[in-house]
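Architecture and fold: a report
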Amino acid sequence: MKWWWYPIVASAACIGYVFTPDGTLSNVLYVGIGLSAVIAVLVGIAVNRPVSRAAWWVIALGTSMWLAGDVAFFWIEHVDGELPVPSYADAIYLLGYPLFAVGLFLLVRQGWRRGEFGHVANSIIVMIAFGLVLWVFVIPDDGVNVSTIPGMAAIAYPAMDVLMLGLLVHFLGTFQWQNMSFRLLAASAAVTLATDTTMRVGSAEAPTMAPNITVSGYIVCYILLGTAALHPSMKYLTVPRGRRGSPGTLAASFSTPTTIVLTIAVLTPGAIMATFLARGTPIDQWGWGIVLCASVLVALAFVRVTELLRLLRIQTATLQLAAQTDHLTGTRNRRGLEEWIDTSDGPLALLLLDIDRFKEVNDTFGHAVGDDVLRAVADRLAGVVATGGVLARLGADEFAVALAVEDTHSEAVVAAHGMHASLSCPISVGSTTLLVEASIGIALSDRIAERNGARTSSGNELSGARSDDLVHRSNLAMQSAKMVQPRIASYDPSMDRDSSRQLHLLSELTTAIDARELELYYQLQVDLDSMEATGVEALLRWNHPLEGIIEPDQFLPMAEHTGLIRPLANFVLSEALTHRKGWSDAGVELNVSVNISTRNLLDSTLVEQVRRSLADVGTAPEKLTIEITETSTMADPPVAIESLLGLRKLGITLAIDDYGTGYSALAYLQRLPVQQLKIDKTFVSDMARDQAHGIIVRSTIDLARTLGLTITAEGVEDAATLLELRRLSCTTAQGYFVGRPVPAHRVPDSVAESNAKLKEYTKTYER
């Protein structure tokens, strides 16, 4: 249905009415437009099938009363030639007002809710103010005799206008203002009110039909009513299902338009009093009315201020709750946890839980599944937290449980095991089932720490260890828990020393590169066929001016998470290739192996960096082997494989380091452009004593050779292991028995010593 045709046609008819001389034709146009509005309401009900049909039927009935009043008005004027005041047309008119008002009210309210009084109070305030205005400008100075029928009719019309205005104020800020149909209905009520007021100013008697231009306001009211009923939005105009006492209902009564109207209304008694004084009207004729109205307005204003303060308290509490709540899981957030800890007086234990490998869940299944997993974990942990504790989500995959414990450290450990147990069952998310593992760090507050004899690094008691301190310490313990089984660890003051030392080393690492404090040591690699040294692996050391030699596992993990890993890789490549060239010039030909980290492998500049290092030294690419770990290739497989292919195109040999400690299988590694496997020393070093490790080494060698890969065994520490690897057709061996790591200048001597020693063992073996 093309609803917009109605307002176009009806507006054209309204324009025709305005320019039509007063008479039968203008009366017919007037009634015709009113009748079209009634028909439009009925058609709208039938076609749009609104949810609140009863309200629209009442509106249709009220509109019909107004139309019937118009017909009666014109009929009396036509038959009698003059209109008595009042007439039965007035009675019909007056019936239309409350019916129309009830219909509008049913669209907005359904029953009484706490919080509705604010809207009612607003309406009463504005009705009193408007009544005062009508008293001054509509009611004659000599008053109205309400004991007569004309007097009652004269008061009835202003009273209906006051009712309409109060209703409009009641609607301000309601949910239905978003609906176009409701706006049109409210506009029709406002136009009616404005037209009534215009026609009655200066006369207390019931109105007579004024010139067409004046009463055209009633025609506009009809057009707006019909348009509202035909507009498609009337179908969805219904009462919102708000909760009783909802803060939204109370807040709506303090909307900006409402506040402006109320401010004007409260100032009205003063303006009216000034008007009466200017007219010279005796105070005894109006003083009582002004005082009474002002008293009621003050009382209602006091009620509204009280409700405003209540609304502010509700909103403050709501904002505080929102600020302390994690919106994904519904638990507390970091701020909420800190608030709970800082307001707790007794001893506390903070358990920080980190979901292991959660990034892999997001990367593999998507963030939607990851969010579902977090919600499921929160639900399970909530079952572990007793009434004396609180659960919070601190970060992407970190949860914290703060417990008020009265005993010792054992309570916290029991709670940690309970958290582990709650996650032991797989989590089902849609069609996916995941087993979630977590690491838990425990930190204790002052009293428990004192009871257990814990001390800080400075020797002071753990006093005042709240919020930030507890979170920091539990985080250190959680990081430590990732390296033990079960993955639960308690804070120890030495962890602070380790953390501070790592940060201190990180700050010095930048200058260490430029100061040439970093040095490469080399460990020999022996060809088990010729039993001669054919290569070396470069091992980074830090010659710290105060702490001596620092092993790479103490500073490389930090560099991995910063931008320092790239200059470190560049240093190792340049140094290793330069040293290899020096050995070559001295007549010692060796291949050199260099380890690169995950971050290096995923660096788009890696291939160019290696190519430039080879070119600067003038080394053939086949003399360089780059070692990577299994896990580094799985961090971002497409990017990793692209980097490996680029390196392989340069002619570089690629090796998988520490094979057997990751999660990948040979079938996966076959997809990588690698030529060598290095079996981890944990399997090689005791393969003669541990049957399982021996089987792993033998099967790995057999499968790798089948795939065309060469094998390097790390961790060879005795002759028996070396000879057994040779018997198994392993390609290369590396370990302390072959040669310990030495500085670059010692490599030629180490090669000579190793070759001589291995020849002796070979002769013994061949005998």
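Residues numbered from 1 in each chain as written. Predicted model: local features only at pLDDT ≥ 70, side-chain atom pairs only at ≥ 80, totals over all residues. Heavy atoms only, no water.

Some points on the nonpolar core
- Counting residues in hydrophobic clusters, the biggest one holds 75 residues, and the most contacted among them are Leu 509, Tyr 522, Val 610, Leu 624, Ile 626, Leu 722 and Leu 725.
- If you look at the next biggest cluster of nonpolar residues, it comprises 74 residues, including Val 38, Val 41, Ala 60 and Ala 129. (Core = buried A, V, L, I, M, F, W, Y, C linked by side-chain atoms within 4.5 Å. Buried < 20%, exposed > 50% of the residue type's maximum accessible area, 1.4 Å probe, protein only.)

Topic: the pattern of salt bridges
- Following the criterion strictly, the structure yields 15 salt bridges and no others.
- Where Asp 372 meets Arg 375, a salt bridge forms, and the shortest distance between an N and an O atom there is 2.6 Å. Placement of both Asp 372 and Arg 375 in helix α14 (residues 367–384) is noted, with a separation of 3 residues, approximately one turn of the helix.
- The shortest N-O distance in the salt bridge between Glu 575 and Arg 516 comes to 3.0 Å. Here Arg 516 lies in the loop between α18 (493–514) and β8 (518–527) and Glu 575 lies in helix α20 (residues 565–585), a separation of 59 residues in the sequence.
- Ionic contacts of the salt-bridge type, sharing partners, join the residues Glu 537, Glu 627, Lys 678 and Glu 714 into one network. (Salt bridge = Lys/Arg side-chain N within 4 Å of Asp/Glu carboxyl O. Helix = DSSP H or I, 4+ residues; strand = E, 2+ residues; numbered from the N terminus.)

A few points about the packing of aromatic side chains
- Taken as a whole, this structure holds 8 aromatic pairs when the rule is applied.
- Through successive ring pairs, a cluster of aromatic residues spans Tyr 17, Tyr 30, Phe 73, Phe 74 and Tyr 222.
- When the ring centre of Tyr 521 is taken as reference, the NZ or CZ atom of Arg 541 above it lies at 5.8 Å.
- The side chain of Lys 757 reaches across the aromatic face of Phe 737, ending 4.7 Å from its centre. (Phe/Tyr/Trp six-rings, centres within 6.5 Å; stacked < 30°, edge-to-face > 60°. Lys NZ or Arg CZ within 6 Å of the ring centre and 35° of its normal.)

Considering the pairing of strand β13 (residues 653–659)
- Taking burial as the measure, the 7 residues of β13 include 6 buried ones, the bulk of the element.
- Sheet analysis places strand β12 (residues 624–629) next to β13, joined by 5 bridges and oriented parallel. Bridge assignment links Thr 629 to a residue of β13, and that residue is Asp 657.
- Alignment of β13 against strand β14 (residues 676–679), held across 3 bridges, turns out to be parallel. Paired with Tyr 659 across the bridge in β14 is Ile 679. (Pairing = 2+ DSSP bridges.)

Structural notes on helix α2 (residues 24–48)
- For α2, built from 25 residues, the straight-helix expectation of 36 Å at 1.5 Å per residue is met to within 8% by its first-to-last C-alpha distance of 35 Å.
- Taken together, the buried positions of α2 are occupied by Ser 26, Asn 27, Tyr 30, Ile 33, Gly 34, Ala 37, Val 38, Ala 40, Val 41, Gly 44, Ile 45 and Asn 48.
- Positive phi appears at Arg 49, one or two residues downstream of α2, with a value of about 50°. (Expected span 1.5 Å × (residues − 1).)

Some points on unusual backbone geometry
- A positive phi angle, near 55°, is found at Met 531, a position not held by glycine.
- Within the element layout of this structure, Met 531 appears in the loop between β8 and β9 (532–544).

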